[in-house]
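Listed here are the chains, written in short residue letters.
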Amino acid sequence: MLRIYIAASNFAATVTGRLRCIGDDRSGVTAIEYGLIAGAIAVAIIGTVIALGGDIKNLFATTGSALNSVTSSSL
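Because the structure is a prediction, the values reported are computed rather than measured.

1. So, the overall build of the protein
Turning to step 1, where the next piece is worked out: For the protein, the count of helices and strands is 2 helices and 0 strands.
Turning to step 2, where the next piece is worked out: Split into buried and exposed, the 75 residues of the protein put 0% on the buried side.
Turning to step 3, where the next piece is worked out: For the protein, the computed accessible surface area is about 6700 Å², with 70% contributed by carbon and sulfur atoms.

Shown next, in the form of C-alpha cells:
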C-alpha cells in the first residue's frame, strides 16, 4: 500500500511540475496578439473599401473618360 501511495505522490508531483512549466510558458501569447492585430487591420481595410468603394469607382470612371476624350480629340 505504501508503494502505491509513493508512486501516486511522485506522479502527482511530476504532473504538477509539468503543468507549472506549461503555465509559465508565454511564447504563444505574442503570436496570438499578432493574430488579433492582423485581424483588426483586415477588418479596418475591408470596412474602408466597402465605405469608399463607390467613390473610388466613380473617380476612376471620371478619369478614364477624361483620358478617352483627350486621346480621341488629339487623333
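This is not the end of the story, as more comes after the structure.
2. Quick look at a nonpolar patch on the surface
Turning to step 1, where the next piece is worked out: Residues Y34, I37, I41, I45 and V49 make up a contiguous nonpolar surface patch of about 520 Å² in total accessible area.
Turning to step 2, where the next piece is worked out: With respect to the helices, strands and loops of the structure, I45 is situated in helix α2 (residues 27-74).

Cut-off values and rules
What you see as residue numbers is a count from 1 along each chain, following the sequence as written. Local features in this predicted model are restricted to residues of pLDDT 70 or higher, and side-chain atom pairs are both shown and tallied only at a pLDDT of 80 or more, whereas totals for entire chains, interfaces and linings draw on every residue. The basis for every side-chain value is the complete set of non-hydrogen atoms in the structure, without hydrogens or water. Numbering of helices and strands runs from the N terminus; a helix is a DSSP stretch of H or I covering at least four residues, while a strand is a stretch of E covering at least two. Only protein chains enter the accessibility calculation, which uses a 1.4 Å probe. A residue is then buried if its area is under 20% of the maximum for its type, exposed if over 50%, and partly exposed in between. Using a 1.4 Å probe, the Shrake-Rupley method yields the accessible areas, and only the shown protein chains count as cover for residues. Patch definition: residues above 30% relative accessible area lacking any salt bridge, with like charges linked at up to 9 Å and the nonpolar side chains Val, Leu, Ile, Met, Phe, Trp and Tyr linked at up to 5 Å. We count a salt bridge whenever a side-chain nitrogen from Lys or Arg sits within 4 Å of a carboxyl oxygen from Asp or Glu.

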